[in-house]
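This is what each chain is made of:
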Amino acid sequence: MLAVLVIFSSWLGVAVQVVHRQSPLPIPGASEHAFPSANVTSSAPHNLIPCFVDDIVAALHEAVGNDGDLADSSLSLFGVCRASDNSSRLLLSRLAEALRRNRRAGLEVLHPAAVLVSEQDDERAAIAVTFDLPRSPLLKLNPVLLFTFESPLTGGDLDVALTGQTLQPHTQSVCITQGTQHILLTGKPSEDSDEQKWTISIEAKSPNMRQNLKDVLIGGKSGSNIPITPLLLFSGETGPETRPAQGSSQTFFLCELRRFLDNVLPQDHTKLPLLPMDPLQSLPPLALGLSSSETMLAGIITSSAPTVFSFTSWGSKSPVQHGRLALSPALLEELGQRLEQSEMQILEFISEANVDPRATERLGRLKGLSAFQRKETAAGESQYCAFLLLKALQTVAHAYNMQRELRPTRAGLDSPSGSNKCGLRSLTVSFEKLLLGPRTANINNCQGSCAFPLINGNNHAVLLNSHIESGNANERAPCCVPVAYDHLVVIDWNEENSFLSIKPDMIVKECGCR
């Protein structure tokens, strides 16, 4: 079992100290990666979920709407009971407003070093969560304890009491409902900064719901691996504002880009097998940076082929290096124009489709983070981020344009005549590599009959069909196959650099009888 401890004191802290746990249980999402002003020192494991911490902070940041009220969805997300005098509601509102006011400035992260989950041997059937905290001066601050599940919970409603000597008050209530992913609690500051062990007891208020709680927290069995991750976040309200660490603004940009893609791309909820990308043929990867060829970048900018953003590894430092591009004034102008065109197209798609309303806000933030001067000659991060944003928008446009193109085909298949002529069909695949986004790709496929008249047939197919119809039935009949492809662009990050590679003949554009 894992837990997340988030400690907020004054709202403008500085450094991040991360200590990953030593217990044999895996940490599916444990990550030291944070937000624009977080510095990280750690030897945390490499198989970490990108943007885990940033997603938590984004959820806190978005808990309060533009009207200043907490959204009902946020109350469910953070396990806040609907009672008007509930302290968790006030706590969530305070954290959200502070983050919005300070733009996530100065957040600090500390992981518990070890976590143990066990059943307590008493009639209450409580679950005990015990975790070790490393020595840190941050422990003297007023804590907010946050348990975070790897994914939103499903099932019935649960009224839960959490008790511990390190909580203030010692017993606090939460309401777990459909979609709850985080639980907020107030903790008690320590008198010193020495290593500590915290134990939190969790029990259902109703005896009839004890088994339900056990199923949620430990899968019904003590010692099960629980998809929750331990963190300690610290922030400060006094002192000078902290400037973002180098490269951390790009980390925030990439995390916001992933959230935008999750919001705006067409959703396929079918559970798909994970397919490897490594066996695919690829052109030699090219470093994406100051040394990148202007000709290569021009070709990628003008191409509408979709892009996958991937991480080969997620290291103990910031997940991305300080990426920069130095585009010529002419190419900068081209980049700016295509960004404007793509943005208008995406806003049109958002207005027509049933898209998460946060997508428009996130697109606005991404534009602000990647803004550049059309005539600037100096290399910069903004050019790099603008390039990534363009490729993301082109990917979204490609997905919606493909939906429009395939709509008549689907309508024909559903019609009473049941036309099954050779044509393009949707085929969505999911990649097993650790991706920032999109997590799936529509590579399409060709299906249908090649009866006369042939669809997009060549001379060989026409003669072959005539030969078979003349009575030579032993020959292979013309088949519906791909005759034109788009490539897939893959932008990959490791601990040293970002790279761009092309996977040719990846996405079917056109079908024919051959």
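Worth saying up front: this structure is predicted, and the values here are computed from it rather than measured. (Residues numbered from 1 in each chain as written. Predicted model: local features only at pLDDT ≥ 70, side-chain atom pairs only at ≥ 80, totals over all residues. Heavy atoms only, no water.)

(A) Structural detail: the state of the cysteines. All chains considered together, the criterion is met by four disulfides. At a sulfur-sulfur separation of 2.1 Å, the disulfide partner of Cys422 is Cys480. On the sign convention where negative is left-handed, the bridge of Cys422 and Cys480, at about 75 degrees about the S-S bond, is right-handed. Of the two residues, Cys422 sits in the loop between helix 9 (381-414) and strand 16 (423-425) while Cys480 sits in strand 21 (residues 480-493), which places them 58 residues apart along the sequence. For Cys422, a relative accessible area of 7% puts it in the buried group. Overall, the relative accessible area of 13% leaves Cys480 in the buried class. Shown here is the disulfide that connects Cys450 with Cys513, its sulfur atoms set 2.1 Å apart. Taking the torsion about the sulfur-sulfur bond, which here is approximately -95 degrees, the covalent link between Cys450 and Cys513 counts as left-handed. Within this pair, whereas Cys450 is found in the loop between strand 20 (445-447) and helix 10 (459-469), its partner Cys513 is found in strand 22 (residues 498-513), the two being separated by 63 residues in sequence. (Disulfide = S-S within 2.5 Å. Helix = DSSP H or I, 4+ residues; strand = E, 2+ residues; numbered from the N terminus. Buried < 20%, exposed > 50% of the residue type's maximum accessible area, 1.4 Å probe, protein only.)

(B) Molecular detail of the pattern of salt bridges. A complete count under the given rule lists 19 salt bridges for this structure. Among the ionic pairs, Lys214 bridges to Glu119, the shortest N-O distance being 3.1 Å. Pair noted here: Lys214 is in helix 4 (residues 210-218) and Glu119 is in strand 5 (residues 114-119), with a separation of 95 residues, a long-range link. The exposure class of Glu119 is partly exposed, given its relative accessible area of 36%. Through salt bridges with shared partners, one network takes in Asp54, Asp55, Glu62, Glu256, Arg258, Arg259, Asp262, Asp356, Arg358, Arg362, Arg365 and Arg439. (Salt bridge = Lys/Arg side-chain N within 4 Å of Asp/Glu carboxyl O.)

(C) Layout of the packing of aromatic side chains. For the structure on display, the rule yields three aromatic pairs. A ring pair is formed by Phe131 and Trp198, whose centres lie 6.0 Å apart and whose planes are at 40 degrees; its orientation type is tilted. One end of the pair, Phe131, is in strand 6 (residues 127-133); the other, Trp198, is in strand 11 (residues 196-204), with 67 residues separating them in the sequence. The two residues Phe131 and Trp198 agree in class, both being buried. (Phe/Tyr/Trp six-rings, centres within 6.5 Å; stacked < 30°, edge-to-face > 60°.)

(D) Highlighting the environment of Leu393. Structurally, Leu393 can be placed in helix 9. Put simply, Leu393 and Leu261 are 132 residues apart on the chain and 8.8 Å apart in space, counted from C-alpha to C-alpha. The contacts of Leu393, once residues within four sequence positions are left out, are Phe260, Leu339, Ser342, Glu343, Ile346 and Leu363. (Contact = heavy atoms within 4.5 Å.)

(E) Quick peek at the sheet that holds strand 9 (residues 171-176). Sheet architecture is open: five strands sit in the order 5-6-11-8-9, paired in antiparallel fashion. The sheet terminates laterally at strand 5 and strand 9, the two strands that pair on one side only. Strand-to-strand twist of the sheet, defined as the mean angle between neighbouring strand axes without regard to direction, takes the value 20 degrees. Here strand 8 (residues 158-163) runs beside strand 11; their pairing, made up of four bridges, is antiparallel. The partner of Ala161 across the bridge, within strand 11, is Glu203. Against the sheet, helix 4 makes contact with strand 5, strand 6, strand 8 and strand 11, and its axis sits at roughly 135 degrees relative to strand 11, the strand it touches most. (Pairing = 2+ DSSP bridges. Axes fitted to C-alpha atoms, helices over the stretch in contact; angles between N-to-C directions.)

(F) Up close: unusual backbone geometry. Backbone torsion omega between Gln168 and Pro169 reads 5 degrees, so that peptide bond is classified as cis. Mapped onto the elements, Pro169 comes out in the loop between strand 8 and strand 9. Put simply, Phe452 and Pro453 share a cis peptide bond, and its omega is 0 degrees. Of note, Pro453 is situated in the loop between strand 20 and helix 10. Here the phi dihedral of Asn444 falls at roughly 65 degrees; this positive angle occurs in a residue that is not glycine. Its identity as a non-glycine residue notwithstanding, Asn456 has a phi of 50 degrees, on the positive side. Relative to the elements of secondary structure, Asn456 occurs in the loop between strand 20 and helix 10.

(G) Layout of helix 8 (residues 358-369). Taking 1.5 Å per residue as the helical rise, helix 8 with its 12 residues ought to reach 16 Å, and the 17 Å between its terminal C-alpha atoms agrees with that figure. By the burial criterion, the buried members of helix 8 are Ala359, Arg362, Leu363 and Leu366. Projected onto a plane normal to the axis of helix 8, the buried residues spread over an arc of 105 degrees and lie on a single side. (Expected span 1.5 Å × (residues − 1). Arc of directions from axis to C-beta.)

(H) Quick look at the nonpolar core. In this structure, Phe260, Phe387 and Leu388 are the most contacted members of the largest nonpolar core, which totals 48 residues. Elements supplying a minimum of two residues to this core: helix 5 (248-264), helix 6 (294-302), strand 15 (307-311), helix 7 (329-352), helix 8, helix 9, strand 21 and strand 22. When residues no more than four places from it in sequence are discounted, the contact partners of Leu388 are Phe253, Leu254, Leu288, Phe309, Ile491 and Trp493. With 26 residues, the next largest nonpolar core counts Ile127, Leu139, Leu158 and Ile202 among its residues. (Core = buried A, V, L, I, M, F, W, Y, C linked by side-chain atoms within 4.5 Å.)

(I) Geometry of the pairing of strand 8. Of the pairings in the sheet, the one linking strand 8 to strand 9 comprises six bridges and is antiparallel in character. Bridged to Asp159 within strand 9 is Cys175.

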